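# Chains, contacts and geometry: an overview
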Amino acid sequence: MRQTVLSVVLEVQPASASRLREIIRGIRKAEETVKTDADWYYDRLRHGVPLLQFMSMTVCEDAQFDPVLVIECNFDGAPGPFWAQLENLYSKELRDMLRCCQRPRGKLQALFDHVTAPESRAAIAPFLEAATIWPAVFHIGNRGLPRERSERETALFDYCQKRLDDEPALRSRTATEVHAALRTGALAQFPWLNKPEQPQVSTAENIADWANLIGFLVLAVAVLTVPGLLLRSTFPSWLPALLGILGTVWAGFHLNWMKDPALPGLMGLPNPPVIIFGIGGVALFGAVVSVGADRFLHWSCVSTVGAMICSAGALLAVILAWIDVLETADPSQTAPPLNEQKIRDQIASEDRITQNHMISIVHLKPGVLRAILIRAGLWGLGYFLRLQARDGYLASMRTIHFAHWAFVSNGSRLMFHSNFDGTWESYLDDFIEKAHAGLTLAWSSGVGFPPARFLAFEGATHGLAFKNWARHSMTASQFWFSAYRDLTVNQIERQVLVADGLRTPTLPEVKAADWARRL
Amino acid sequence: MSETEVPRVSDRWKVAKEYAADVQGLIASPFADLPEAASLFLSLPENAGGSWLHALRQVIAVTPALGLTDPSIALAFTCSGLRQMGMDEAALGSFSREFREGMHQIDRSRRLGDDDKTTSIPGGPVWGGNTFDPYGKQATKTPVTVHAVLLLYAKDISSLNGLIAKAEHALSEAGVIVSHRVDIQVTEREHFGFADGVSQPILYGPAIVSGPGTESKWHRIPAGEVIIGQTNAHGDLAAGPIVAEVPEKPTMLGVGNAPPGYRDLGRNGSYLVIRELQQDVAGFWNHMDTEAAALGGGLTGEWLAERVVGRKIDGTGLLPETVLHPDSSVARTVNEFGYFNEDKDGLSCPLGSHVRRSNPRDGLARTQDEAHALVHSVNSHRILRCGRKFGPPPADPRQQDGVARGLLFMCLNTDIARQFEFVQETWLLNPGFATQADEVDPLMGPKGRMSIPACPFRHRPKIETFVKFAGGEYFFLPSLSAIDYLATL
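Scoring rules and cut-offs
Residues numbered from 1 in each chain as written. Chains lettered and ligands numbered in written order. Predicted model: local features only at pLDDT ≥ 70, side-chain atom pairs only at ≥ 80, totals over all residues. Heavy atoms only, no water. pLDDT = per-residue confidence, 0-100. Contact = heavy atoms within 4.5 Å. Axes fitted to C-alpha atoms, helices over the stretch in contact; angles between N-to-C directions. Helix = DSSP H or I, 4+ residues; strand = E, 2+ residues; numbered from the N terminus. Parallel < 35°, antiparallel > 145°, perpendicular 65-115°, else oblique. Left-handed = near helix turned anticlockwise from the far one by under 90°. Phe/Tyr/Trp six-rings, centres within 6.5 Å; stacked < 30°, edge-to-face > 60°. Buried < 20%, exposed > 50% of the residue type's maximum accessible area, 1.4 Å probe, protein only. Buried area = accessible area lost by both parts, 1.4 Å probe. Salt bridge = Lys/Arg side-chain N within 4 Å of Asp/Glu carboxyl O. Polar contact = N/O pair within 3.5 Å; in protein donor to acceptor, adjacent residues only side chain to side chain. Arc of directions from axis to C-beta. Lys, Arg positive; Asp, Glu negative; His and termini not counted. Core = buried A, V, L, I, M, F, W, Y, C linked by side-chain atoms within 4.5 Å. Domains from an automatic or database assignment. Nonpolar A, V, L, I, M, F, W, Y, C, P; charged D, E, K, R; others polar. Patch = residues over 30% accessible without salt bridge, like charges linked within 9 Å, V, L, I, M, F, W, Y side chains within 5 Å. Areas by Shrake-Rupley, 256 points an atom, 1.4 Å probe, with all protein chains shown as cover. Pairing = 2+ DSSP bridges. Disulfide = S-S within 2.5 Å.

### Some details on the confidence of the model for chain B
All names here are of chain B. Considering every residue of chain B, the mean pLDDT works out to 90; 93% of them sit at 70 or more. In this model, residues 1-9 is a region of pLDDT below 50 whose contacts with residues beyond four sequence positions or in other chains number 14 contacts. With pLDDT under 50 throughout, residues 326-333 is counted as low confidence; its partners more than four residues away or in other chains account for five contacts.

Encoded structure:
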């Protein structure tokens, strides 16, 4: 089941920023006060856009840029139906919001004019779709679980809880019998239990995930080996070998070999000095093979492969050393200016329901290598997460519903969104204590980030500095919507297990006992 | 469990010599050998300055961490107290946000669960710092404004009374009023009858001399979690307040970690969290009896209460018998255990019980590999408790006697948000804690269901609230040299 994570980012006419904020707050106010028969909270949006899971609308200010309007959407299915549902509900408000934005240049201009012209009734969805910014990397906690399914399974879960509370006689039965008793009653009320659900990750998606990651790795290897191939095909074998060894030696001297203080291992990998020795070894091996095969054996093919290996090792070593050069000179902002009022607004908006939301926009550090590495890093991280984080867990954390990073302002800024369970403080502490490497990799290219090493080390482990840095880059959203205000990522997965159990006609005692533990 | 099996905090570690004369004794020991104590909550006059500290010093002196002395004294200040004494806004701004805003700040009060009428005493909490809030909304006002707390500890009641009389006299001479007073004692059991204070973190680091038996992976935390200026669990120097250097003023404050032009006011100090929690003992036990009976199966009120608390009444962990009494060897120290290997699903100690929520150990891990990292993570959120009980123990725990009693909860930490508030919010009051849904701490939280894992399926009694918040605040517990500095204000 496909889910989509995207955002629309538009520059705002500075003079209209406060009007825009008022429009957005107006939507929020209407949603929070309109009462209908059923639930009253955000009911119009909940029923009007049944595909929607999480959404935020924020006007973000920055001293170096005009304000931007950010509409962040996390929903089920493809964008088309979603935008249509949203426009159907908020057409007037969205048009008024767009009128506060700057007229974009380029191919969006005509669409924008069309939508924002006085008295215009033109469809807004095509513009929003065209203005969509796709995430550089995203994470979905409950992958492949549409809201409609979670709602069904919540009702089923509540039904089971009520029966267990109301029927103490069940306690004297075996787990198998308890399962049978609940299933009999549930089938009448929840006939969908007899129909198969769509798999959370379809075969096609699974193949695509693997293909993407493999493709990425192949491309990475290609990029690293191509210089060797080109040099070897034009010059005698000693030249690429010599260049490779020189590069590796420079990198080795720069990194000071083993004198580098050992950093904590990253995801089971050995410490950086060991890695650098290993990479140096690969480069040397490639050089020896390339020259040896050429001079003594006259195996041109093997010599070319050797040159490519040498090239990959040497390039990696040089990139690591170059990163070190950059990181040593990087200024890190030890005391980001914290606007107390802004922080108060953020804190006042937090911890109202089970989940919280954060939006942060940071400037990116300059330089070609950085620009390439941050994009390649996020790209690869994204493919890795698609395979690795499928059961709600990101490392040992199971608190993130939807999160994404995206480049904005023509690639000069990095935007981060997250919809997570629990407090902001605990969310950041989780990263600091359990998943700092991934976070540092994604954010260490941000201007002012606490000092990082080799892109992924240290950085976010500087707890207080990191929290201050993150706080100062955040804005309290004027509008934020969660489709299920009291469900955690964990609870959604737990309900899936309960429902799966009830789909099965009979469970043997061991399995039934395991199933009953989820209740 | 006998007393000897778990050495008291003070036996396990000491503050190193070069720090001990400056660190307040309360950090090193809860003065368990001095069973009688009183907490005097003070209100200062307008523009109090620091001279009242001079007056107080004439009769009693704050106790350093040099070893046990009778009597012992601790002193701490609220943010409004320091402002009342004339500390400038720049210096006040260097304290942590939590301290500056106070426990009753409107958003904090919501996050700590104190805005829930059912978890506070009728009429709402009585005392707090009533901290001035220049931003955001005004904090909830409490009837009594507390500027400082003076904690007095003595061997017996008569010497305590003498001490109180001396202090009160000196204070009133200086125009300082004791606006709220709670007499507190050391008792083996808290008022519901449970052995208390079993799990305490064990400090280590350059400012600490470790005693025997301090290698525990379950309880070791760096000294910077409790003492400002030391390295904390995130590897940073625990941040504290600084004051600008004034050339003509005496400089009893060291430079410490302060930048040039400043003096380190926080060094060797700590933040003290105090919460006065009233306990309705008869209400609790009668409710436990009723709910246990409703569960059927011959379950007793004691059985349910032990699951609510997460320990047996005698303080033993609720763990499988095989863990508590291994067949072969001498039983290991009963507090050295995790949940991951012993009781992952909470069949012995419910996942949502108070003790398991207060310190989840490795119980939140998904795999064996994670378990170790999780202990490290959990130990970045520990607090050093030093609270005591107030009110007499009940004669019959099931009989309403109309006597006020409870716990004066006190704990020390250097990062209130990451330690005390994290425990309260992310563990105790988190409705999604450890795979649970819509359940909070059964002892401290508002009333609600509590899942008790069992076969074939969980019990889920409704537990009401019998511990109620009566007042509290965040205090700065300065070093002795910082107190000397404050006296010059």
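### Some thoughts on the packing of helix H14 (residues 424-434) of chain A against helix H16 (residues 463-472) of chain A
All names here are of chain A. Interhelical geometry of H14 versus H16 gives an angle of 130° and a closest axis separation of 11 Å. By the angle between their directions, the pair H14 and H16 is classed as oblique. Like other packed secondary-structure pairs, H14 and H16 cross with a definite hand, here right-handed. The segment H14 lies against H16, with Trp424, Glu425, Leu428, Asp429 and Ile432 engaging Gly463, Phe466, Lys467, Ala470 and Arg471.

### Description of the packing of aromatic side chains
Tallied over the full model, the rule gives 40 aromatic pairs over all chains. An angle of 50° between the planes, with centres 6.1 Å apart, marks the rings of Trp379(A) and Tyr383(A) as tilted. Taken together, the residues span about one helical turn, with Trp379(A) and Tyr383(A) both in helix H13 (residues 368-388) at a distance of four residues. Judged by relative accessible area, which is 40%, Trp379(A) ranks as partly exposed. The interplanar angle of 85° and the centroid separation of 5.3 Å between the aromatic rings of Phe284(B) and Trp285(B) together place this pair among those described as edge-to-face. A relative accessible area of 2% places Phe284(B) in the buried class. Note on Trp285(B): relative accessible area 3%, which makes it buried.

### Overview of the interface of chain A and chain B
On the side of chain B, 38 residues touch chain A, which itself brings 41 residues to the contact. Interface of chain A and chain B: buried area, both sides summed, is about 3,500 Å²; carbon and sulfur atoms make up 48% of it. Taken together, the connections running from chain A to chain B amount to ten salt bridges. Between Asp165(A) and Arg460(B) there is a salt bridge whose closest N-O contact spans 2.5 Å. Linking chain A with chain B are 22 residue pairs in polar contact (both at pLDDT 80 or more). Secondary-structure elements contributing two or more residues to the side of chain A that touches chain B are helix H6 (147-166), helix H7 (175-189), helix H12 (340-349), H14, H16 and helix H17 (489-503) of chain A.

### A short note on helix H18 (residues 509-516) of chain A
All names here are of chain A. Every buried residue of H18 is accounted for by Ala512, Trp515 and Ala516. Seen along its axis, H18 keeps its buried residues to an arc of 95°; they face one direction. Among the exposed residues of H18, those pointing more than 90 degrees away from its buried face are Val510 and Lys511. The inward-facing, buried residues of H18 contact H7 and H17.

### Topic: unusual backbone geometry
In this structure, the amide linkage connecting Asp70(B) to the following residue, Pro71(B), adopts the cis form with an omega of -5°. Looking at the element boundaries, Pro71(B) is found in the loop between helix H4 (51-59) and strand E3 (72-77). For Asp351(A), which is not glycine, the phi torsion reads 60° and is therefore positive. Mapping Asp351(A) onto the fold places it in the loop between H12 and strand E6 (355-363). Notably, Ala434(B) is not glycine yet its phi reads approximately 45°, a positive angle. Inspection of the secondary structure puts Ala434(B) in the loop between helix H16 (420-428) and strand E17 (448-449). For Ala434(B), a relative accessible area of 17% corresponds to the buried category.

### Quick look at the side chain of Asp264(B)
Residue and element names in this part refer to chain B. Locating Asp264 in the fold gives a position in strand E12 (residues 262-264). In this structure Asp264 is buried but unpaired, with Arg267 as the nearest side chain of opposite charge at 5.1 Å. From its side chain, Asp264 meets the backbone nitrogen of Arg267 in a polar contact 3.1 Å long. Once residues within four sequence positions are removed from consideration, Asp264 is found in contact with Pro241, Ile242, Leu253, Gly254, Val255, Gly256, Asn257 and Ala258.

### Side note on the nonpolar core
Core analysis: the biggest nonpolar cluster contains 87 residues, and Trp52(B), Leu82(B), Leu150(B) and Leu152(B) have the highest contact counts within it. The leading source of residues in this core is helix H10 (residues 281-295) of chain B, at six residues. Per-domain counts for this core show at least three residues from each of domain 1 (3-276 + 474-486) and domain 2 (279-472) of chain B. Residue contacts for Leu82(B): discarding those within four places in its chain leaves Phe77(B), Met87(B), Leu92(B), Phe95(B), Phe99(B), Phe476(B) and Leu486(B). Counting residues in hydrophobic clusters, the runner-up holds 52 residues, among them Met55(A), Met97(A), Phe127(A) and Ala131(A).

### Remarks on the domain arrangement of chain A
Residue and element names in this part refer to chain A. Along its sequence, chain A is organised into domain 1 (1-134), domain 2 (147-199 + 488-516) and domain 3 (235-329). One C-alpha centre belongs to domain 1, the other to domain 2; they are set 38 Å apart. On the domain 2 side, the residues contacting the nine residues of domain 1 number five residues. Summed over both sides, the interface between domain 1 and domain 2 buries roughly 430 Å², with carbon and sulfur atoms accounting for 29% of that surface. Taken together, domain 1 and domain 2 are joined by zero salt bridges. Along the contact surface separating domain 1 from domain 2 lie five residue pairs in polar contact (both at pLDDT 80 or more). Only helix H2 (43-48) and strand E2 (52-62) provide two or more residues apiece to the side of domain 1 that touches domain 2. For the side of domain 1 that touches domain 2, the per-class residue count stands at five nonpolar, two polar and two charged.

### A short note on a nonpolar patch on the surface
Residues and elements named next belong to chain A. On the surface, Ile245, Val249, Phe253, Leu284 and Val288 cluster together into a nonpolar patch covering about 460 Å² of accessible area. Taken together, the elements giving at least two residues each to the nonpolar patch come down to helix H9 (238-255) and helix H10 (272-297). Here the element with the most residues in the nonpolar patch is H9; it accounts for three residues. Within the element layout of this structure, Ile245 appears in helix H9. A relative accessible area of 30% means that Ile245 is categorised as partly exposed.

### Regarding the sheet that holds strand E3 (residues 65-76) of chain A
All names here are of chain A. The strand order E4-E1-E3-E2-E11 describes an open sheet built from five strands, whose pairing is antiparallel. The two strands at the open ends of the sheet, each matched to only one other strand, are strand E4 (132-133) and strand E11 (479-482). One ladder, built from nine bridges, connects strand E1 (residues 3-11) with E3; its direction is antiparallel. Within E3, the position partnered with Leu6 by the bridge is Cys73. Sitting on the sheet, helix H1 (residues 17-33) is in contact with E2, E3 and E11, with an inclination near 155° to E2.

### Description of the state of the cysteines
Applying the stated criterion to the full structure yields zero disulfides over all chains. No disulfide involves Cys310(A); its sulfur sits 17 Å from the nearest other cysteine sulfur, which is in Cys301(A). No disulfide involves Cys455(B); its sulfur sits 16 Å from that of Cys349(B), the nearest cysteine. For Cys455(B), a relative accessible area of 65% corresponds to the exposed category.

### Here we look at the packing of H9(A) against helix H11 (residues 300-329) of chain A
Residue and element names in this part refer to chain A. The N-to-C vectors of H9 and H11 enclose an angle of 30°; their axes lie 8 Å apart at closest approach. The angle between the axes of H9 and H11 places the two elements in the roughly parallel class. For the pair H9 and H11, the crossing hand works out as left-handed. Taken together, the residues of H11 that come into contact with H9 (itself represented by Pro240, Ala241, Gly244, Gly247, Thr248, Trp250, Ala251, His254 and Leu255) are Ala307, Cys310, Ala314, Ala317, Val318, Leu320, Ala321, Trp322, Asp324 and Val325. When its residues are assigned to classes, the contact of H9 with H11 shows 14 nonpolar, four polar and one charged.

### Remarks on the pattern of salt bridges
Oppositely charged side chains may form a pair once their charged atoms are brought near each other. Applying the stated criterion to the full structure yields 63 salt bridges over all chains. Here Arg83(B) makes a salt bridge to Glu89(B), at a shortest N to O gap of 2.8 Å. For Arg83(B), a relative accessible area of 24% puts it in the partly exposed group. The exposure class assigned to Glu89(B) is partly exposed, which follows from its relative accessible area of 49%. The partner of Asp107(B) in a salt bridge is Arg110(B), and the shortest N-O contact between them spans 2.9 Å. One end of the pair is Asp107(B) and the other is Arg110(B), both in helix H8 (residues 106-111) and three residues apart, which spans about a single turn. Each member of the pair, Asp107(B) as well as Arg110(B), is classed as buried. If you follow the salt bridges from partner to partner, you end up with Glu340(A), Arg344(A), Asp351(A), Arg97(B), Arg100(B), Glu101(B), Arg108(B), Arg111(B), Glu421(B) and Glu425(B) in one network.

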